[in-house]
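Structural overview
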Amino acid sequence: MYSWMLWFHIISMVSWFAVLFYLPRLFVYHVENGTNQGFIDVVEVMEMKIYKYIGVPAFWATLLSGIALIVMSTAHYGMNVFKMGGWMHAKLTLVAILIGYFFTLGHYRLKLKENTAYKSGKFFRIYNEVPTLLLIGIVALVIVKPF
């Protein structure tokens, strides 16, 4: 059962990261084409559907399957998450930052829809790199377990 849960967790995480990578790129297009209302109308629908119908379910699937993996590891394999080493604490810290990042995307989506977001395309280009850096750190911690 653990292997199936791990499989589901990885699939969920990949789906969630697809949103984390793509949504800020849509924000760049949204901001940089603000005078083209037809384009904005289409992008706003895309932003909403990607966040609400893919991002939110993938987030919950990733979070809940991750918690299930921790519980299963503790119950079945006798591994306690608090005794796994500092790598797990560091990973969970990066995941917490990633969760906060995800909710900021929802915030910016609403601000862009209300036309009250005063961020530039350059800001969203840079902001788009945050999940990449977090993913690198999370995967490195899980694979290498440096401490």
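For the structure itself, consult the block above.
What counts, and at which threshold
- Residues numbered from 1 in each chain as written.
- Predicted model: local features only at pLDDT ≥ 70, side-chain atom pairs only at ≥ 80, totals over all residues.
- Heavy atoms only, no water.
- Helix = DSSP H or I, 4+ residues; strand = E, 2+ residues; numbered from the N terminus.
- Buried < 20%, exposed > 50% of the residue type's maximum accessible area, 1.4 Å probe, protein only.
- Contact = heavy atoms within 4.5 Å.
- Areas by Shrake-Rupley, 256 points an atom, 1.4 Å probe, with all protein chains shown as cover.
- Lys, Arg positive; Asp, Glu negative; His and termini not counted.
- Charge placed at Lys NZ, Arg CZ, Asp CG, Glu CD.
- Axes fitted to C-alpha atoms, helices over the stretch in contact; angles between N-to-C directions.
- Parallel < 35°, antiparallel > 145°, perpendicular 65-115°, else oblique.
- Left-handed = near helix turned anticlockwise from the far one by under 90°.

Bringing the overall build of the protein into the picture now. A count of helical and extended segments in the protein gives five helices and zero strands. If you list the helices and strands of the protein from N to C, you get α-α-α-α-α. The buried share of the protein, reckoned over its 147 residues, is 35%. Across the protein, contacts joining residues at least 24 apart in sequence account for 79% of those joining residues at least 6 apart. Of the roughly 8,700 Å² of accessible surface on the protein, a fraction of 71% belongs to carbon and sulfur atoms. Here the protein contributes 12 positive and 6 negative side-chain charges, whose respective centroids are spaced 12 Å apart.

In the contact formed by helix H3 (residues 86–113) and helix H5 (residues 130–144), the axes pass within 9 Å of each other and the chain directions differ by 160°. It follows that H3 is roughly antiparallel to H5 by the angle criterion. Of the two elements, H3 crosses H5, and the hand of that crossing is left-handed. Residues Trp-87, Ala-90, Lys-91, Leu-94, Val-95, Ile-97, Leu-98 and Tyr-101 of H3 form the contact with H5, whose own contacting residues are Val-130, Pro-131, Leu-134, Gly-137, Ile-138, Leu-141 and Val-142.

All right, on to the side chain of Asn-128 then. Looking at where Asn-128 falls in the secondary structure, it is placed in the loop between helix H4 (121–127) and H5. Of the residues examined, Asn-128 reaches a relative accessible area of 9% and is grouped as buried. Those residues within four positions of Asn-128 in sequence are excluded, and the remaining contacts are Leu-20, Phe-21, Pro-24, Arg-25 and Tyr-101.

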